[in-house]
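One-letter residues, chain by chain:
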Amino acid sequence: MNKSLALVASILALLVIFPVFIESQYIMHISILILYYSLVSQAWNILSGYSGQFSFGHAVFFGTGAYTSSILLTKYAMTPWIGMLIGAAFAVIIGLVIGFLSFRYKLRGAYFALGTLAFAEMLRIIVQNLEFFNKTLGILITINPDPLMFQFESRMGYYYTILIFSILATMLVFYISRSRLGFNLVAIRENEEAAQSLGVNTFKNKMIAIAISAAITALGGTFYAQYILYIEPPTTFGNDVSVAILLPAIIGGMGTVFGPFVGALVLVPLGEITAHLFGGFAGAHLMAYGVILIVVILYLPGGIVGWILERLKIRGIKKM
């Protein structure tokens, strides 16, 4: 366990001092994307990795966070630091509605996945057709470098912001994995009927999981909006968003603490490399993701982290 703590501490120290030695804005951008995808995929991991409720519609929470904070900023001049909390609250409400309708009526597996996908599509269509949300034109955020308004003069400010978000989310998942909630979620994932027969309130635990997952995903949506400074329905509520959120956790290792980070560390640079090599071939990065996903499913069912821990036989940190 001491070795694992030393390794984690070393990685954290490296992440903190990393920007100091990097002058390339492009590398900083890639680093920000890695941490950003690590954050939103970690949120998905709580619901789908630990409790086994596979979601194909996390874009509904992501878009809620992005649009809520952006509308409050552009229409009412409210700082996104507060807007992101309001967006997270709205996302939790939506998550609880989805959870109630799904879990109360025993939607599982493919049926739950399709249900979440349907909710995301419904919200995308609503946003895309209402004037209040600017319809298909989206929302353009004016550049105004001010940390109090969630805008920074350089990418370093965004880097440290998303780093803190990602660390806090990872610490939360680490805590959950060793708490009663985490044990209950894993029991539900492995055999829900058996867990229920042993006294686990499956409905309550799944509702808690979807609420936490929705809130963190919404925070990621706010960060995306402030970093890109432009949002529109397809890039916030689209199916591509949901797929991009779940892939790092699956590749890195579902139900593990560091799986989403490792998955993002692999997928983001790969996407950039394929885009550079096959820039004229639309969707090349998606094909690369598909190949990696097939390989992982066939040969690494526990993801990269699961495979490494199984090979090393490190006792005491397998859940990490």
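Residues numbered from 1 in each chain as written. Predicted model: local features only at pLDDT ≥ 70, side-chain atom pairs only at ≥ 80, totals over all residues. Heavy atoms only, no water.

Student: Which parts of the structure should I look at to understand the overall build of the protein chain?
Tutor: Within the protein chain, the secondary structure is distributed over 14 helices and two strands. Taken over C-alpha atoms, the radius of gyration comes to 19 Å for the protein chain, in line with the 20 Å a tight globule of 320 residues would show. Overall, the C-alpha framework of the protein chain stretches about 55 × 50 × 40 Å when taken along its three principal axes. Long-range contacts, defined as pairs at least 24 residues apart, comprise 78% of the intrachain contacts of the protein chain with a sequence gap of at least 6. A total accessible area of about 15,700 Å² is found for the protein chain, and carbon and sulfur atoms account for 71% of it. For the protein chain, the centre of its 18 positive side-chain charges and the centre of its 12 negative side-chain charges are spaced 15 Å apart. (Helix = DSSP H or I, 4+ residues; strand = E, 2+ residues; numbered from the N terminus. Rg over C-alpha atoms; globule rule 2.2 N^0.38 Å. Contact = heavy atoms within 4.5 Å. Areas by Shrake-Rupley, 256 points an atom, 1.4 Å probe, with all protein chains shown as cover. Lys, Arg positive; Asp, Glu negative; His and termini not counted. Charge placed at Lys NZ, Arg CZ, Asp CG, Glu CD.)

Student: Just checking my understanding: could you explain the pattern of salt bridges for this structure?
Tutor: Enumeration over the complete set of coordinates arrives at five salt bridges. E192 is the salt-bridge partner of R108, the closest N and O atoms lying 3.4 Å from each other. With a gap of 84 residues between them, R108 in the loop between α4 (80-103) and α5 (109-129) and E192 in helix α8 (residues 192-197) connect regions that are remote in the sequence. On the basis of relative accessible area, R108 is assigned to the partly exposed category, the value being 30%. A relative accessible area of 7% means that E192 is categorised as buried. (Salt bridge = Lys/Arg side-chain N within 4 Å of Asp/Glu carboxyl O. Buried < 20%, exposed > 50% of the residue type's maximum accessible area, 1.4 Å probe, protein only.)

Student: How do you make sense of helix α9 (residues 202-228) when you look at a structure like this?
Tutor: Every α-helix carries 3.6 residues per turn, so stepping three or four residues along brings you back to the same face. If you check α9, its first and last C-alpha atoms are 39 Å apart, about what 27 residues at 1.5 Å a residue would give, namely 39 Å. Of all 27 residues making up α9, 21 are buried, and the element is well covered by its neighbours. Two residues or fewer past α9, L229 is found with a positive phi of approximately 70°. (Expected span 1.5 Å × (residues − 1).)

Student: Sorry, what's going on with the environment of V243 here?
Tutor: Within the secondary structure layout, V243 lies in helix α11 (residues 239-252). In this structure, the C-alpha to C-alpha distance between V243 and T274, residues 31 residues apart in sequence, is 18 Å.

Everything listed here is a matter of geometry and, on its own, says nothing about what the molecule does.
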